[in-house]
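Overview (structure and organization)
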Amino acid sequence: DQDQQPKISTMDYIRKLMPLIKSFVLWFALVAIVRLPGIREPFKNWILEFTTTSTVWLGKVLQIPIIRTGDNNIVVDNFPMQIIVECTAYNFFFFAIALALFATWSWKNKLINLGIFMVVIFLANNSRFFAMGYVGRYYPELFDTTHDYVWNILFGFMVFGLWAWRDRKSNPMFKKNEPAK
């Protein structure tokens, strides 16, 4: 049997997966913490204000027809939307924090990659509001499906893709061996 691969033990698999396992545990804990009484309302108010304000600000900078019509209400190209906590991408921000924290990267790369994750998630989430305004206005029959499924799946793949890309760049395991002199 010339194609036999060396056997990898279960413990080796667990060791390799441990950063990801720790990331999921921390992500779950962070999501649970912001739902605790005494934290839930202040967090909700803060994340909704941040998301609504930043979306309107970025839309104005990009000259997108957007206005704020209430606390968490925006209108994009004459299509009204209400921003709720689940629209803020807070769970993706939390997961990015957890991934960066437990990755087998240097602290410098953890900070650089966390910054990349945060900027990309921020821009993608704001772009989602702009896109959903246009979908809602011109293709209202596609709004719910696009909002509920397409964006969530795309965000999940985006965060995983970002992590895989940055892990490939930052993980010492992927560094090429220096040629012998």
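Everything that follows concerns the structure shown earlier in this document.
Everything in this summary refers to the structure shown in the same document. (Residues numbered from 1 in each chain as written. Predicted model: local features only at pLDDT ≥ 70, side-chain atom pairs only at ≥ 80, totals over all residues. Heavy atoms only, no water.)

1. So, the nonpolar core
Definition in use: What makes a nonpolar core is a set of buried Ala, Val, Leu, Ile, Met, Phe, Trp, Tyr and Cys residues whose side-chain atoms join them at distances within 4.5 Å. Only protein chains enter the accessibility calculation, which uses a 1.4 Å probe; a residue is then buried when its area is under 20% of its type maximum, exposed when over 50%, and partly exposed in between. By the criteria applied, helices consist of DSSP H or I runs no shorter than four residues and strands consist of E runs no shorter than two, each listed in order from the N terminus. Any two residues whose heavy atoms approach within 4.5 Å are treated as being in contact.
The biggest cluster of nonpolar side chains holds 39 residues, and the ones touching the most others in it are I74, M81, Y90, F117, I121 and F155. Secondary-structure elements contributing two or more residues to this core are α2 (40–61), β2 (73–76), β3 (79–82), α3 (90–102), α4 (107–138) and α5 (140–170). A total of eight residues in this core trace back to one element, the largest contributor, which is α3. With near-sequence residues (within four places) excluded, F117 lies in contact with A96, L99, A100, W105, L162, W163 and R166.

2. With respect to the pattern of salt bridges
Which entries qualify depends on this criterion: When a carboxyl oxygen of Asp or Glu is within 4 Å of a side-chain nitrogen of Lys or Arg, the pair counts as a salt bridge.
Enumeration over the complete set of coordinates arrives at three salt bridges. Of the charged contacts, one joins R68 and E49 as a salt bridge, the two residues approaching to 2.8 Å between their closest N and O atoms. Taken together, the positions of R68 in strand β1 (residues 66–70) and E49 in helix α2 put the pair 19 residues apart, joining distant regions of the chain. Classification of E49 by relative accessible area gives partly exposed; the value is 38%. A salt bridge links R137 to D77; its shortest N-O distance comes to 3.0 Å. Pair noted here: R137 is in helix α4 and D77 is in the loop between β2 and β3, with a separation of 60 residues, a long-range link. For R137, a relative accessible area of 37% puts it in the partly exposed group.

3. Structural notes on the pairing of β2
So the rule is basically this: What makes two strands pair is DSSP finding at least two bridges between them.
The pairing of β1 with β2 spans four bridges and is antiparallel. Across the sheet, the residue bridging to R68 is I74, located in β2. Turn length for the β1-β2 hairpin, with the two strands adjacent in sequence and antiparallel, is two residues. Sheet analysis places β2 next to β3, joined by four bridges and oriented antiparallel. Within the sheet, the bridge partner assigned to I74 lies in β3 and is M81.

4. Details of the packing of aromatic side chains
Condition: Two rings belonging to Phe, Tyr or Trp (six-membered ring only in the last case) form a pair when the distance between their centres is within 6.5 Å. Interplanar angles under 30 degrees mark stacking, angles over 60 mark edge-to-face geometry, and anything in between is tilted. Cation placement over rings: the criterion is NZ of Lys or CZ of Arg within 6 Å of the ring centroid and within 35° of the ring normal.
Counted under the stated rule, the structure contains 14 aromatic pairs. Both rings, one in Y90 and one in F94, keep their centres 5.6 Å apart while their planes meet at 80 degrees; by these two values the pair is edge-to-face. Separated by four residues within a single helix, Y90 and F94 lie in helix α3, roughly one turn from each other. Taking relative accessible area as the criterion, F94 reaches 13% and is therefore assigned buried. Following the ring pairs from residue to residue traces out a cluster consisting of F43, W46, F50, Y90, F94 and F122. Over the aromatic face of W107 sits the side chain of K110, whose NZ or CZ is 5.0 Å from the ring centroid.

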